[in-house]
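# Descriptive analysis of the structure
Here is what each chain is made of, one letter per residue.
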Amino acid sequence: MKYVSHLDTVRLFGRTMRRAGITMSMSQGFNPRPIMTFANPIGIGISSTSELALIGVDEEISPRDLAITLNEYLPDGFKVLAAKKEFAKSPFTALTFAQYKITVTGDIANPAVILDMPEIIMPKKTKSGVKDTDIKPFIRSIFIEGQTIYATVRCGETNLKPELLVEAIEKYTASHIEEYTTERTALLDENLKDLIEF
Amino acid sequence: MNILNKVQKAARYTGGELNSIVKDKDTKIRFAFCFPDVYEVGMSHLGMKILYHGLNKREDTWVERVFAPWVDMQDEMKKAGVPLYGLESKDPIKDFDFVGFTLQYEMSYTNILSMLDLAGIPLLSADRGEGDSFVCAGGPCAYNPEPLADFCDFFLIGEGEEIWNEVLDVYSKWKDDGLSRFEFLKQIAGIEGIYVPSFYDVSYNDDGTVKEYTPKYGFVPKTVKKRIIEDMDSVDYPEEMIVPFTEIVHDRIMLELFRGCIRGCRFCQAGFIYRPVRERSADRLCDLACKLIDSTGYEEISLTSLSTSDYTDLENLTNRLLDITSEKKINMALPSLRVDNFSAGLMQKIQSVRKSSLTFAPEAGSQRMRDVINKNVTEEDLMRSVSIAFEGGWTSVKLYFMIGLPTETIDDVIGIAKLSESVADKYYEIKKGGKGIGRGRITTSVSSFVPKPFTPFQWERQNTIPELREKQMHIKDNIKTRMINYNYHESYVSVLEGVFSRGDRRLGKVLLNAHKLGCQFDGWDEFFDYDVWMQAFEQAGIDSAFYARARSFDEVLPWDVIDCGVTKKFFIDECKKAYNEKTTPNCREKCAGCGLMGKCGVKQNG
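Computed from a predicted model, the values in this text were never measured in an experiment.

Turning to the overall build of chain A, a few remarks are in order. A count of helices and strands for chain A gives 3 helices and 9 strands. Counted from the first residue to the last, chain A has its helices and strands arranged as α-β-β-β-α-β-β-β-β-β-α-β. Here the C-alpha coordinates of chain A stretch approximately 55 × 35 × 30 Å along the principal axes. Taken over 198 residues, chain A has a buried fraction of 42%. Sequence separation of at least 24 residues holds for 69% of the intrachain contacts in chain A that already meet a minimum separation of 6. Total accessible area on chain A stands at roughly 10,900 Å², and carbon and sulfur atoms take up 52% of it. Of the side-chain charges in chain A, 23 are positive and 26 negative, and the distance between the mean point of each set is 6 Å.

Here's what the structure looks like:
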């Protein structure tokens, strides 16, 4: 499922809700679309066990029933872990960090040493184009176990993509990474508390 | 290693979509249903959906889907040594029992070769041995199978639902018996609709035309009759359709109202090869619609056929479907409407949920030309339809035309520009003083006529590229209004399409050369290279112009080995009527005697 884009995921949920017989709130306009917002849409090629989305539902249904029903109809590879009622217009402001698990092949040095650098300058995409940016403040913690890197980085308004982190590790350590797969494992608030409540 | 991280739109290659079918890898018959174009195009094809779900009902058979990987994926697959695989199992298709291609357009032929190549299957039928897959093909282009005769072990002519079950039954027993490849082909050669090209010798006259087809063995039929489904209500139709993760070209439920067409436009191959007209009942269609809506969750349903407004029970059907779709907030699309029976009521139904775009196909600019092609619509019909559309709030319509038609004069060509101008005038007349008048848009799309087998125009000379270019420019010079958006294409592709649509089996060499020279995705502008194609012809010592020439009625045609049900006499009569600018009434007004009477369910009015 990691190759399904954000837009395709929104469409998929729309169709799933329709099959499940749950009425979704639709956007107004010429091309009504289901109302669905992701806290931080994940890039193509990255798998995730922790996503947060706001879905507009146009009927009375308990969060528990909604989760159960959706899971009955979602294609393999998608699962609702938990649901709750949310009335805030933008409920994702608490999102501050994301946790990634990056499994690499090739030679990998201890990536934590990059935090000893005074700064980590990387070409980072910003609203006004690609800019050399110090990404050190965006990295909260990083450690390695065997060939697996665990990293907690900024997510949300300020955001660090895991691809850029891997590039930084390659640039600043004596690593030669051949290939890697990335999984998002948690979305956290500023106190590192998991935003998804089970 | 995962090559999917390195390619664009990787969701094309993963499988696992809703309603896709996964079976045990030990299933007796493994079948790769191949569409020789990319996922987004192939997944939009109704025939594949019908056969995929229909044949997968068999316990002994697992049908999987295979599409042409885009060039980036082909490169990665070659680098990583990954052969072409079935989307469901990811197993290499060279280990499958059948590798079947659907032939929807001639310009996909090179993709067949690149897919076989990528699969590691010998390209030439003659090079395949015991244990290799059987490569076969069906679909509309299979009505002239000859250009692909060197590559396919057999062809299926006509509608696939029943014939495939017969072929699979024979195969299952043949596999148990452990007989030879030849023996299997021999056994299926007796099934109506199966054409085994290697069982025929073809001889040629000194002028290069075909002399005759001779069956090599006593068990081979002289001509191969197409297969048709007689009862559309009892034949399988999928109650589930695969819902792709990624957006495809026709991303909606397709509900097939009927096959065949009552009209008999003389350029239209579909109008003849899919005869006779056979409709599904409104009851069956409503039932299917409900089931498909529930199983897919799609937000749009499209009523498909060759000419939707000719469905006899359309009023009742659309009313009942609207009850279903409006309650579930589903859009209903009605493509393929004709200008002579387009009504305000019908228009309201299309727009009741969402406004779809409106397309009309007058096909020709002058009444004379429309009579020649037997389109049987008038300028008044068109004006009435666009008036209804503009009055109903539409601001843009699309108009489809063709140039290069038989007997065409420059006046006929300029008529396309004039007719488009008249539509624009009608728009201003109706919207005068109205708000947003500037939003009006008329799209005039002009394509180049390609003579097709099994049409009254199968003997016609095809226009050359300079002739077509001149006509295109004439239209351009005669369009004055800025509101008209004039679309046309360089005609290189049409000319090549004409060669392969009416080609013989000597063209196999050209295809092979073109493949070796790197031709593929010829239907895509960014890949099509006319010069390379000309090189492929030259290397084979074949002049492409030979295939564009006019033929005489008594010439043996390469597709005479196929019997499409409509008689040659009928085609000749129709062709002569075209020259005399005489029209033929539609099948409901009066039976024209095409040769299918007895199998045909059309009732004449009055």
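Looking now at the pattern of salt bridges. Per the counting criterion, the structure on display carries 51 salt bridges over all chains. The salt bridge involving Glu299(B) is made with Arg15(A); its shortest N-O contact spans 2.9 Å. Of this pair, Glu299(B) sits in the loop between α8 (282-296) and β13 (300-304) while Arg15(A) sits in helix α1 (residues 6-20), on two different chains. For Arg15(A), a relative accessible area of 5% corresponds to the buried category. A salt bridge links Lys173(B) to Asp177(B); the nearest nitrogen and oxygen atoms lie 3.0 Å apart.

All names here are of chain B. Two elements, strand β7 (residues 200-204) and strand β8 (residues 210-215), share 5 bridges in a ladder whose sense is antiparallel. Its bridge partner lying in β8, Ser 203 is registered against Glu 212. Counted along the chain from β7 to the antiparallel partner β8, the turn is 5 residues long, and its residue Gly 208 has a positive phi close to 95°.

We now examine the domain arrangement of chain A. All names here are of chain A. Along its sequence, chain A is carved into domain 1 (6-73) and domain 2 (97-188). In this complex, domain 1 contributes 11 residues to the contact, which on the side of domain 2 involves 11 residues. At the junction of domain 1 and domain 2, the tally comes to 1 salt bridge. Note that Glu 51 is salt-bridged to Arg 184, the shortest N-O span being 2.9 Å. One can count 7 residue pairs in polar contact (both at pLDDT 80 or more) joining domain 1 with domain 2. Along the lines of polarity and charge, the residues of the side of domain 1 that touches domain 2 split into 4 nonpolar, 6 polar and 1 charged.

What follows deals with the sheet that holds strand β8 (residues 148-154) of chain A. Residues and elements named next belong to chain A. The sheet built from 5 strands is open, its strands ordered β2-β9-β4-β8-β7 with mixed pairing. Sheet topology places β2 (47-48) and β7 (139-145) at the edges, where each strand pairs with a single neighbour. The pairing of strand β4 (residues 97-107) with β8 spans 7 bridges and is classified as antiparallel. Residue pairing for β8: Tyr 100 is matched across the bridge by Ala 151.

It is worth spelling out the interface of chain A and chain B at this point. Opposite the 18 residues of chain A that make contact, chain B presents 27 residues. Across the chain A/chain B interface, buried area totals approximately 1,800 Å², and carbon plus sulfur atoms make up 52% of it. If you sort the residues of chain A by the area they bury against chain B, Tyr3(A), Arg15(A) and Arg18(A) come out on top, with a joint share of 40%. Taken together, the connections running from chain A to chain B amount to 3 salt bridges. A salt bridge links Asp251(B) to Arg15(A), with the nearest nitrogen and oxygen atoms 3.2 Å apart.

Let's shift gears to unusual backbone geometry. Residues and elements named next belong to chain B. Residue Arg 275 is joined to Pro 276 through a cis peptide bond whose omega torsion reads -5°. Here Pro 276 shows up in the loop between α7 (270-273) and β12 (278-279). Even without being a glycine, Phe 454 presents a positive backbone phi close to 60°. One can find Phe 454 in the loop between β17 (441-448) and α14 (465-478).

Rules used in this analysis
- Residues numbered from 1 in each chain as written.
- Chains lettered and ligands numbered in written order.
- Predicted model: local features only at pLDDT ≥ 70, side-chain atom pairs only at ≥ 80, totals over all residues.
- Heavy atoms only, no water.
- Helix = DSSP H or I, 4+ residues; strand = E, 2+ residues; numbered from the N terminus.
- Buried < 20%, exposed > 50% of the residue type's maximum accessible area, 1.4 Å probe, protein only.
- Contact = heavy atoms within 4.5 Å.
- Areas by Shrake-Rupley, 256 points an atom, 1.4 Å probe, with all protein chains shown as cover.
- Lys, Arg positive; Asp, Glu negative; His and termini not counted.
- Charge placed at Lys NZ, Arg CZ, Asp CG, Glu CD.
- Salt bridge = Lys/Arg side-chain N within 4 Å of Asp/Glu carboxyl O.
- Pairing = 2+ DSSP bridges.
- Domains from an automatic or database assignment.
- Polar contact = N/O pair within 3.5 Å; in protein donor to acceptor, adjacent residues only side chain to side chain.
- Nonpolar A, V, L, I, M, F, W, Y, C, P; charged D, E, K, R; others polar.
- Buried area = accessible area lost by both parts, 1.4 Å probe.

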